[in-house]
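The primary structure of each chain is shown beneath.
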Amino acid sequence: MDRITTDLAPAAIGPYSQAVVVGGTVYTSGQIPLAPDTGEVVSGGIKEQTAQVIKNIDAVLRAAGSDLAHVAKTTCFITDMNDFTAFNEVYAQFFAEKPARSCVAVLALPRGALVEIEAVAQIIQAS
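Residues numbered from 1 in each chain as written. Predicted model: local features only at pLDDT ≥ 70, side-chain atom pairs only at ≥ 80, totals over all residues. Heavy atoms only, no water.

Visitor: Got a minute to help me understand helix α1 (residues 46-64) in this structure?
Guide: The α-helix advances 3.6 residues per turn, and as a result positions three or four apart in sequence lie on the same side. With 19 residues, α1 extends 27 Å between its outermost C-alpha atoms, agreeing within 8% with the 27 Å of an ideal straight helix rising 1.5 Å per residue. When you tally the buried positions in α1, you get 14 out of 19 residues, the bulk of the element. In the stretch just after α1, Gly 65 is the one whose phi turns positive, near 90°. (Helix = DSSP H or I, 4+ residues; strand = E, 2+ residues; numbered from the N terminus. Expected span 1.5 Å × (residues − 1). Buried < 20%, exposed > 50% of the residue type's maximum accessible area, 1.4 Å probe, protein only.)

Visitor: Teacher, can you tell me more about the pairing of strand β3 (residues 25-28) here?
Guide: Remark: a regular strand shows side chains that alternate across the two faces of the sheet. Burial along β3 is one-sided: the residues Val 26 and Thr 28 are buried and none of Thr 25 and Tyr 27 is. Relative to β3, strand β2 (residues 19-22) is paired through 4 bridges, and the arrangement is antiparallel. From the neighbouring strand, Val 21 faces β3, where its bridge partner is Val 26. Counted between consecutive antiparallel strands, the loop separating β2 from β3 contains 2 residues, among which Gly 23 sits at a positive phi close to 60°. (Pairing = 2+ DSSP bridges.)

Visitor: What is the right way to read the packing of aromatic side chains from this model?
Guide: Any two aromatic rings considered together are summarised by their centre-to-centre distance and by the angle between their planes. Taken as a whole and judged by the stated rule, the model has 2 aromatic pairs. On the basis of an interplanar angle of 40° and a centroid distance of 5.6 Å, the ring pair of Phe 87 and Tyr 91 is categorised as tilted. Here Phe 87 and its partner Tyr 91 are both found in helix α2 (residues 84-94), 4 residues apart, which amounts to about one turn of the helix. Cluster of aromatic residues (ring-pair linked, three or more members): Phe 87, Tyr 91 and Phe 95. Residue placement shows Arg 101 over the ring face of Tyr 91; its charged tip is 4.7 Å from the ring centre. (Phe/Tyr/Trp six-rings, centres within 6.5 Å; stacked < 30°, edge-to-face > 60°. Lys NZ or Arg CZ within 6 Å of the ring centre and 35° of its normal.)

Visitor: Help me understand α2 in this model?
Guide: Residues of α2 that are buried include every one of Ala 86, Phe 87, Val 90 and Tyr 91, and no others. Down the axis, α2 shows its buried residues gathered within 130° of arc, on one side only. In this structure, α2 carries Thr 85 and Gln 93 as exposed residues pointing more than 90 degrees from its buried face. (Arc of directions from axis to C-beta.)

Right, dumping it as structure tokens:
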């Protein structure tokens, strides 16, 4: 098992890796909308936060030798189902390949984030 780390995504805020690679698959930890350079939650609402989360996932995937086009499954957590439509609008802009997905509402997320996403993807090149 290889652990993936990149400065192009926020550092883990707990005792976990940004991602791990097992065989030909990368499993990302949940990403929240932290700006990689500041470690702070990006300003704005669900749309801005969703875009930042997906950019963070993309950076981790690229460090592992994958990308968004090779994501097989995402698990998405949002704090308000009233944001579901706006979340989907942004999500669809990044995930044209339409991976399998679960999306659930949760009571709260770390650092007051509105959204968190984790992904499972196929490795396309050695990292």
